[in-house]
Amino acid sequence: MFAEVAFPISNFKTFTYQIPEKLIAETHVGSRVLAPFRRQQKEGIIVNILTSSSFKGETKLINKLIDNYQIVTPELWELINWISNYYMTPLGQVAKTVFPKNLSTRYKPQKLWFVESRIDINPLQFEKLKKRAPKQYEVLKLVTTESRPLQVSLLKNFASNPLQICKSLEQDKLVKLFEKEVKPNSDHFSFSPIKKKITLDRSQEEVANLIKISLDSNIYNPYLLHGVTGSGKTEIYIESVKYCLGKGKTSIILLPEISLTPQIAGRFRSVFGDRVALWHSKLNQQQRSWTWKEICKGTFKVVIGARSAIFSPLKDLGLVVIDEEQEASFRQDSPSPRYHARDVALMRARLSKAVIILASATPSLESYYNRQKNKLKYLHLPNRFGGAKQPKVHLVDMLKEQEETGKFGQVISGFLQNKIEERLNSNEQVILLQNRRGFSPTIKCGDCGEIAMCPNCNVTFSYHRKTNNLLCHFCGFSRLNEKQSCTECGSKSLLYFGAGTQKVQALLEETFPEASIERLDMDTTTSGINITKILAAFNNGEIDILLGTQMIAKGLDFPNATLVGIINADQGLYLPDFRSGERVFQLIYQASGRSGRHQKPGEVVIQTYSPDNPVIRCAAELDMDKYYEIALREREELDYPPFSWLSKIEIADKNYKRVSKLASTISRKIIGGYSGLEILGPAPCYIEKLRGYYRFQIIFKSQKVIDPNGKKLHSFIKTNFHGFNKNYSNSQSRISIHFDPLSLI
Ligand code: ADP
Ligand code: ZN
Ligand code: ZN
């Protein structure tokens, strides 16, 4: 028997080896092996098993198997190949994205010191210690009152080096000290599990039954679950996962945003306990590696996580759920593979003969359209659970407000302020959305008019007051605002325009000094643990006003939150991108959905300068169908998705002339084409300079009436651009291919 082995080297090319007789029984596709490779023993993965070898030379023997389990399932390997092919990315690069980094260095669980009391302590010794070494005495007192061993590092409150203290105590035979391996713990990314009695109502039951029948049939079945906010979609996921587990099958739940993890993880853990693994960006390498292996071994049957959780090596996958399937965060743009986790998930479900549920209160326009075309089966929860009503929405015209009050550039209108006051007086909670972090998004010199821009990108700096710096939200470059003067003319009269979350927070603190206010955005949650802390505190009623970016706009369920305020609904509305309207609509609708989800009725205040814009108007009416029909008509007129397939080639270089020339050369050399294909550009991108690189793009649109499954466009791109980096690229330019890009700016 022979095995094809892939090594995690740059191209992941495969090599053929012979399997030693004694290993044949335990060797599978997905097993990790040690094999001779270029005069050393290297770790690789078996990707195929063959009875004969077509390789002409001598085949070497596999040295040994590394684990007694498979680190990748055959379907997952097939998926990796599909991604490599579809997104035109070398296999090695895909594999790098899929596998946790140190999987091949064999991660060992961390060891920690623990201290435990001894039963035979002489009280006299105790007293002596009090005088001789008070710190040791304090620690000993604590240790003796605990019935379980204590983790030494947690005794930091007593001394800067608690281990030294414990060692001294051990020398005097007062405690026992030992090292123990500990599992990486991700409990702090989960609310504590609270058991809740759930009896599905009629429409929930109907939906759940259809899913169960589908799970019984063991065939690929894609669904769109369209449930209004608060209709109990999460309970449907739980019920379906339960059914799946009963059949010995596993499930993946994809979440778009780390801020959704704690609450959903808590709800899942209350039902499924330790069988649930969490997979998200705040896990460190060790946690990743450990989680991956435990999934392989079958410890975890359910994985909840961000887009890369779709690569979990679960066996017998029965169900994939994509919560808030419209979210752009499911798309990875950099590094390559530039993939969309929703499309990858659909393919994985197909390969695993699994059920897949795309769920949302505001599906993507693509899924909405695919349901009309019967490509997705439709499941509908039209009402909120338990008779809860949709919130009452008020639209505040900020221009009128400005005229009436004479105050220019108000951030919080008088109307919203009154509403907040009302809720605070009745001990209810408020959620405020301002989808921009920092203090001010624009800094302008009052004398010479210079606007502070990032030197690497073609975008304005944002002012962050807490750290007193100017920060670029695209590349992360920052400059201390020490002198607080214009870099052009030195003038001190800088004007800070617009409002980010920090400014809103400052205003709120001034206006409502008694209220407890917290801000949740990227700046307050770098540690990850803070997300759980802030959300749990809001859940427990310790916070009155929760202010945040889109992180707080979706998925969250707080019974006492009865007012949602959207500070600037127009943000992003006028971006020159075909999806900007859809995005703004979804954000407003989702944020509104956080209000009055349970028995207490809710309200929403939307502040806008564009009250007649159809996006804003339909969002304020919470009328999804109306807006989606308008948006579909626009897309159809302009041949944008879902009426076409889209690809783009991006060319970037630090030198403007060089990139502009290269873009024209590439464009001139394009061959082939067909009716129904439209080529736009080359043209500079909307954000022309990013991270020091000037960017040009060529866009390809292929009409679905001509190219129903996108194969024409794919093969056109392949003919023109496969391996083309070699042909065109000088060492300074970067060329990248994007299939189904979400954004064209
Ligand atoms: P969605 O995900 O659709 O926005 P959720 O699943 O968060 O809605 O449900 C909203 C609230 O209603 C949650 O607190 C949930 O636990 C509760 N809920 C939904 N269905 C039921 C049910 N059948 N029994 C009890 N509570 C339910
Ligand atoms: Zn100036
Ligand atoms: Zn920048």
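That block above? That's the structure.
Read on for a plain summary of the structure. Note that the structure is predicted; figures quoted are calculated from it, not measured.

**A short note on the coordination of the zinc ion (ligand 2)**
Donor atoms from the polypeptide that bind the zinc ion (ligand 2) are Cys-445 (SG), Cys-448 (SG), Cys-486 (SG) and Cys-489 (SG), placed at 2.3 to 2.4 Å. Each of the four donor atoms bound to the zinc ion (ligand 2) contributes to angles spanning 105 to 112°, and the resulting shape is tetrahedral. Motif for the zinc ion (ligand 2), donor spacing along one chain: C-x2-C-x37-C-x2-C. Of the two residues, Cys-448 sits in the loop between strand E18 (442–445) and strand E19 (462–464) while Cys-486 sits in the loop between strand E21 (478–480) and strand E22 (494–497), which places them 38 residues apart along the sequence. Given a relative accessible area of 41%, Cys-448 falls into the partly exposed group.

**Re the pairing of strand E24 (residues 545–548)**
The alternating pattern of E24 places Ile-545 and Leu-547 on one face and Leu-546 and Gly-548 on the opposite face, and all of these are buried. Judged from the four bridges that link them, strand E23 (residues 517–520) and E24 form a sheet pairing that is parallel. When the sheet's bridge partners are listed, Leu-520 is paired in E24 with Gly-548. Note that the unit made of E23, helix H15 (residues 529–539) and E24 has a crossover that is right-handed.

**Some thoughts on the coordination of the zinc ion (ligand 3)**
Binding of the zinc ion (ligand 3) to the protein goes through Cys-454 (SG), Cys-457 (SG), Cys-472 (SG) and Cys-475 (SG), at separations of 2.2 to 2.4 Å. Around the zinc ion (ligand 3), the four donor atoms are arranged such that angles at the metal cover 103 to 114°; this shape is classified as tetrahedral. Spacing between the donor residues of the zinc ion (ligand 3) along the chain follows C-x2-C-x14-C-x2-C. With a relative accessible area of 4%, Cys-454 lands in the buried category.

**Notes on the pairing of strand E17 (residues 429–433)**
Across the five residues that make up E17, a large majority, five, are buried. On E17, burial covers both faces: Gln-429, Ile-431 and Leu-433 on one face and Val-430 and Leu-432 on the other are all buried. Pairing geometry for E17 and strand E25 (residues 561–566), over five bridges, is parallel. Counted as the bridge partner of Val-430 is Leu-563 from E25. When E17 meets E24, the two strands line up parallel, connected through four bridges. Among the inter-strand pairings, Leu-433 is bridged to a residue of E24, identified as Gly-548.

**Concerning the site of ligand 1**
Neighbouring ligand 1 are 19 residues; Lys-196, Thr-199, Gly-230, Glu-235 and Asp-557 lie closest to it. One of the backbone nitrogen or oxygen atoms of Thr-199 is found 2.8 Å away from a nitrogen atom of ligand 1. One of the side-chain N or O atoms of Gln-204 is found 2.9 Å from a nitrogen atom in ligand 1. Within the complex, the protein chains bury 93% of what would otherwise be the 560 Å² of accessible surface of ligand 1. Of the residues forming the shell around ligand 1, the biggest block, three residues, is contributed by helix H7 (residues 233–246). Residues belonging to the shell around ligand 1 are distributed by class as follows: four nonpolar, eight polar and seven charged.

**Let's talk about the packing of helix H1 (residues 74–86) against helix H2 (residues 91–98)**
Across the interface, H1 lies against H2 with an axial gap of 9 Å and an inter-helix angle of 125°. The orientation of H1 relative to H2 falls into the category oblique. In the crossing of H1 with H2, the sense of the turn from one axis to the other is right-handed. Note on element contacts: H2 touches H1 through Leu-91, Val-94, Ala-95 and Val-98, opposite Trp-77, Ile-80, Asn-81, Ile-83 and Ser-84. When grouped by side-chain class, the residues that make up the contact of H1 with H2 number seven nonpolar, two polar and no charged.

Cut-off values and rules
- Residues numbered from 1 in each chain as written.
- Chains lettered and ligands numbered in written order.
- Predicted model: local features only at pLDDT ≥ 70, side-chain atom pairs only at ≥ 80, totals over all residues.
- Heavy atoms only, no water.
- Donors = N, O, S within 2.8 Å, 3.2 Å for Na, K, Ca; no water.
- Tetrahedral: all angles 85-135°; square planar, octahedral: opposite > 155°, others 65-115°.
- Helix = DSSP H or I, 4+ residues; strand = E, 2+ residues; numbered from the N terminus.
- Buried < 20%, exposed > 50% of the residue type's maximum accessible area, 1.4 Å probe, protein only.
- Pairing = 2+ DSSP bridges.
- Right-handed = clockwise from strand over helix to strand, strands pointing away.
- Near = heavy atom within 4 Å.
- Polar contact = N/O pair within 3.5 Å; in protein donor to acceptor, adjacent residues only side chain to side chain.
- Areas by Shrake-Rupley, 256 points an atom, 1.4 Å probe, with all protein chains shown as cover.
- Nonpolar A, V, L, I, M, F, W, Y, C, P; charged D, E, K, R; others polar.
- Axes fitted to C-alpha atoms, helices over the stretch in contact; angles between N-to-C directions.
- Parallel < 35°, antiparallel > 145°, perpendicular 65-115°, else oblique.
- Left-handed = near helix turned anticlockwise from the far one by under 90°.
- Contact = heavy atoms within 4.5 Å.

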